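# Commentary on secondary and tertiary structure
The chain contents come next:
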Amino acid sequence: MSSESSRASRRLLAPRRPNATDVFVTAIAVLVIGGVVVAALLRTGSAETGREGDEVSNEVSNAAALVEVDRSQRGQLEPVAYGASVAPSGQVVELSLVAAPSTVSIVEGIETEVWAYNGTVPGPEIRVELGDTVRVELRNELPHTTSIHWHGIRVPNAMDGVPGMNQDPILPGGTFVYEFTPPDAGTYWYHSHLRGNEQLERGLYGAIVVEDPTDPPYSQDLVWLIDDWLMETDGRLDPNFDSMVDVHHSGRWGNVRGVNGSTSDSAQVAPGERIRVRMVNASTARIVRPDFEGGTLDAFVIAVDGLPVERPLPLDGFDLAPGNRIDVDVTVAVDASGPIMLSDGFDDVEPHPLIALDVVGEPVETPRFDPPSARLPDWSPAFDWAPDETIEISLVSDDMMAGGAMEAPAEPGTLAGDEGEQFRWALNGRSWPDGAVHQAELGRPDKLRFVNDSGALHPMHLHGQFFQVVARNGEPVREGFFRDTVLLDPQDTVDVVVMPLDAGSWALHCHIQLHGEYGMMMRYDVTS
Ligand code: C2O
Ligand code: CU
């Protein structure tokens, strides 16, 4: 029996949005397979329902029934000014990052070999002020080519870090200097953009925060990078980074979860403190639904994917997909006592603990101020527009690829490990590096329709721009914030509107790293 089938048998908890029946069925499944699960350490991290047909009803027909306004007759949309964009201050923040193998402790008392920036997982937190220029020299001491992408930051196109689109891969022993002046304040992150299924999983990521001098005075400003790891009992990361089962389903879901490179991290707060917690989902595939439990506090979302929301949103129920960030405004009650847990409730019968807030010390007076917010341009008129492009997401077999156009993988091991059918992910029938190309115009609103013709989850990420979701499965949506990454459930149709402000060739891809690695990426060209 192959390791693939035993791996598949562990994946019985489906990360669809749970409802009562799901929870009940899952509970039974847990009882039945409990022995297996325990024996396999905590390997209940799951994949999903698979591509074999019997999924959720197809709601695409709804969307098709809309009477759509043709491109030539559309009006303009309100223009966009994302953050409080400022001129460069002339201040340069310099940093050198070395990507190299390292050993860290993710689970207390156990060592894990990782790949890391400057020896730690996550890499060093980069914090700059709006207007500062960031200059990072990356030295590659890995046994593999690499690159860095500055997720969410509107950098010049040549600094965006996608090999084959914005730069050449950085060879082992090589260096590359990234330089940019972030135009928008907010919570961002940086990560390898080469073989992310292996390089992010091994630990090559970190946070970059762009502070706005007008930000209100929170008692503390914390960054929590949420991740999961598929780990053996001896602490070794499962070395099969190219599991075909994971490619075909929703990527590699870990069996241990934690924050800032640890499964037992904690932060200390005093009763009454009001803190800003910047959460990043840095995992290669897992969707996280963070919420606090076990104590008295108020928590609401004040920024999504870096940018302030129109008005604060409840934290409860917010699905943080790989790539997404939220800033959370947390007020600890004056009479609170700890610990208060941040837990993930996405696919579990019981919420799974991620990090503890230890409430310690004397109560302090709660700072009072209005949380950051931004008026959001109203793009609802675009709901009726015909999409500029419909992007269909599907799994294709290698043989089905047009004319056998697939090039041999540039890197050894790209298709390593597994036997049997070879499938790849495709956007509009084309699989990266032979990907599709979308043409957009600078300053002209661009409507994209994503159609998920598969049973897997797909957090779709567009580089270099923010967008608003205007419809989901044919129903109008007004989320009240911009995004750079939107999650599609199996069979979902999601309409987004982009206002391209930065010229160049940008990557558009699924942030489930195994999907991106196996073809699910295309080019988004912005020209004037
Ligand atoms: Cu965070 Cu192209 O990715
Ligand atoms: Cu995907």
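The shown structure was predicted, so the numbers you read here are calculated from the model rather than taken from an experiment. Each residue is numbered by its place in its chain's sequence as written, counting from 1. Lettering for chains starts from A, numbering for ligands starts from 1, and both go in the order in which the items are written. For this predicted model, a pLDDT threshold of at least 70 governs which residues receive local features, and a threshold of 80 or more governs which side-chain atom pairs are given and counted, while totals over whole chains, interfaces and linings are taken from all residues. Excluded from the side-chain calculations are hydrogens and water; all other atoms, namely the structure's heavy atoms, are used.

The numbering of helices and of strands both runs from the N terminus, where a helix is a DSSP run of H or I of at least 4 residues and a strand a run of E of at least 2. From N to C terminus, the protein chain includes six helices and 29 strands. Exposure categories follow from relative accessible area, calculated using a 1.4 Å probe and restricted to protein chains: below 20% of the type maximum is buried, above 50% is exposed, and the middle band is partly exposed. Burial analysis of the protein chain (528 residues in total) assigns 59% to the buried set. Should any heavy atoms of two residues lie within 4.5 Å, those residues are considered in contact. The contacts of the protein chain with a sequence gap of at least 6 include a subset with a gap of at least 24, amounting to 81%.

Within a regular strand, side chains alternate between the sheet's two faces. Burial of strand β28 (residues 504-510) is extensive: seven of the seven residues sit out of reach of the surface. Because side chains alternate across β28, one face comprises the buried residues Gly504, Trp506, Leu508 and Cys510, and the other comprises Ser505, Ala507 and His509, equally buried. Pairing between strands is defined by DSSP: at least two bridges between the two strands are required. Across three bridges, strand β23 (residues 458-462) lies against β28 in antiparallel orientation. Its bridge partner lying in β28, Leu462 is registered against Leu508.

Here the term donor refers to an N, O or S atom within 2.8 Å of the metal (or 3.2 Å for Na, K and Ca), and because water is left out of the atoms, sites may appear incomplete. Around the copper ion (ligand 2), the protein contributes the donor atoms His458 (ND1), Cys510 (SG) and His515 (ND1), which lie 2.0 to 2.1 Å from the metal centre. Between consecutive donor residues of the copper ion (ligand 2), the sequence gaps follow H-x51-C-x4-H. Of the two residues, His458 sits in strand β23 while Cys510 sits in strand β28, which places them 52 residues apart along the sequence. Taken as a pair, His458 and Cys510 share a single burial class, namely buried.

What follows concerns the nonpolar core. Judged by nonpolar contacts, the single largest core of 39 residues is most densely connected at Leu448, Phe450, Met460, Val486, Val496, Leu508 and Tyr524. Beyond its immediate sequence surroundings of up to four residues, Leu508 is in contact with Ile391, Leu427, Leu448, Phe450, Met460, His461, Leu462, Met520, Met521, Met522 and Tyr524. Definition of nonpolar core: a set of buried residues of the types Ala, Val, Leu, Ile, Met, Phe, Trp, Tyr and Cys, connected through side-chain atoms within 4.5 Å. Of all hydrophobic cores here, the second largest spans 38 residues; its members include Val155, Tyr190, Val470 and Val497.

Considering the arrangement of structural elements, one finds Arg278 in strand β12 (residues 274-281). A relative accessible area of 0% places Arg278 in the buried class. Dropping the residues within four chain positions of it, Arg278 is found in contact with Arg127, Gly186, Thr187, Val209, Asp215, Asp221, Leu222, Val223, Trp224, Ile326 and Asp327.

Turning to the sheet that holds strand β13 (residues 290-293), a few remarks are in order. Spatial strand order, β11-β18-β17-β13: four strands in an open sheet with mixed pairing. Because the sheet does not close on itself, it has two edges, and the strands there are β11 (266-269) and β13. Pairwise comparison of adjacent strand axes, ignoring direction, gives a mean angle of 25° for this sheet. Strand direction decides the pairing type here: β11 and strand β18 (residues 352-359), joined by four bridges, are parallel. Across the sheet, the residue bridging to Ser266 is Ala356, located in β18. All axes are obtained by fitting lines to C-alpha atoms, using only the stretch in contact for helices, and the reported angles, taken between N-to-C directions, cover 0 to 180 degrees.

By the element assignment, Trp385 lies in the loop between β18 and β19 (389-397). Distance from Trp385 to Asp446, taken between C-alpha atoms, is 9.9 Å for residues 61 residues apart in sequence. In contact with Trp385, not counting residues within four places along its chain, are Glu68, Val69, Arg74, Gly75, Leu77, Pro445 and Lys447. By the criterion applied in these results, polar contacts are pairs of N or O atoms within 3.5 Å in which, for protein atoms, one can donate a hydrogen and the other can accept it, and in which residues neighboring in sequence qualify only through two side-chain atoms. A distance of 3.5 Å separates a polar side-chain atom of Trp385 from the backbone oxygen of Pro381.

On to the environment of Pro101. Looking at where Pro101 falls in the secondary structure, it is placed in strand β1 (residues 92-104). With a relative accessible area of 48%, Pro101 lands in the partly exposed category. In this structure the C-alpha to C-alpha distance between Pro101 and Gly119, which are 18 residues apart in sequence, comes to 7.5 Å. Ignoring anything within four residues of it in the chain, the contact list for Pro101 reads Val114, Trp115, Glu141, Leu142 and Pro143.

Glancing now at the pairing of strand β3 (residues 126-129). Only one face of β3 is covered, namely the face carrying Ile126 and Val128; the face carrying Arg127 and Glu129 is uncovered. The pairing of β3 with strand β8 (residues 205-211) spans four bridges and is classified as parallel. By the bridge assignment, Glu129 is partnered in β8 with Glu211.

Glancing now at the confidence of the model for the protein chain. As a note on interpretation, predicted positions should not be read in detail where pLDDT is low. Scored from 0 to 100, pLDDT records how confident the predictor is in each individual residue. Overall, the prediction assigns the protein chain a mean pLDDT of 86, with 82% of residues at 70 or greater. The model gives residues 1-65 a pLDDT under 50, and that stretch makes 105 contacts with residues more than four places away or in other chains. Across residues 402-419, where pLDDT falls below 50, the model places 29 contacts with residues more than four positions away in sequence or in other chains.

A pair is scored as a salt bridge if a Lys or Arg side-chain nitrogen falls within 4 Å of a carboxyl oxygen belonging to Asp or Glu. All told, the structure shown has 35 salt bridges when counted by the stated rule. Residue Arg257 pairs with Asp344 through a salt bridge whose shortest N-O separation is 2.8 Å. Taken together, the residues Arg257 in strand β10 (residues 256-259) and Asp344 in strand β17 (residues 340-344) connect sequence positions 87 residues apart. The burial state of Arg257 is the same as that of Asp344; both residues are buried. Each of Glu125, Arg127, Glu211, Asp215, Asp221, Arg276, Arg278 and Asp327 takes part in a single network of salt bridges with overlapping partners.

It is worth spelling out the packing of aromatic side chains at this point. Two rings from Phe, Tyr or Trp (for Trp, the six-membered ring) form a pair when their centres are within 6.5 Å of each other. A pair whose planes differ by under 30 degrees is stacked, one over 60 is edge-to-face, and the rest are tilted. One pass over the structure, following the stated rule, counts eleven aromatic pairs. Arranged with centres 5.5 Å apart and planes meeting at 45°, the rings of Tyr117 and Tyr190 form a pair that is tilted. Taken together, the residues span a long stretch of sequence, with Tyr117 in strand β2 (residues 112-117) and Tyr190 in strand β7 (residues 186-192) at a distance of 73 residues. Both residues of the pair, Tyr117 and Tyr190, count as buried. Summarising the aromatic geometry, the rings of Trp189 and Tyr205 are spaced 6.3 Å apart at their centres and angled 75° between planes, so their arrangement reads as edge-to-face. Placement of the pair is Trp189 in strand β7 and Tyr205 in strand β8, with a sequence separation of 16 residues. Each member of the pair Trp189 and Tyr205 is classed as buried.

Turning our attention to unusual backbone geometry. That bond from Val121 to Pro122 is cis: its omega, -5°, falls within 30 degrees of zero. Here Pro122 is to be found in the loop between β2 and β3. Unlike most non-glycine residues, Asn428 shows phi in positive territory, near 50°. If you trace the backbone, Asn428 turns up in the loop between β20 (423-427) and β21 (437-441). With phi around 65°, Gln491 is a residue other than glycine that occupies positive phi space. Tracing the sequence through the fold places Gln491 in the loop between β26 (485-488) and β27 (493-498).

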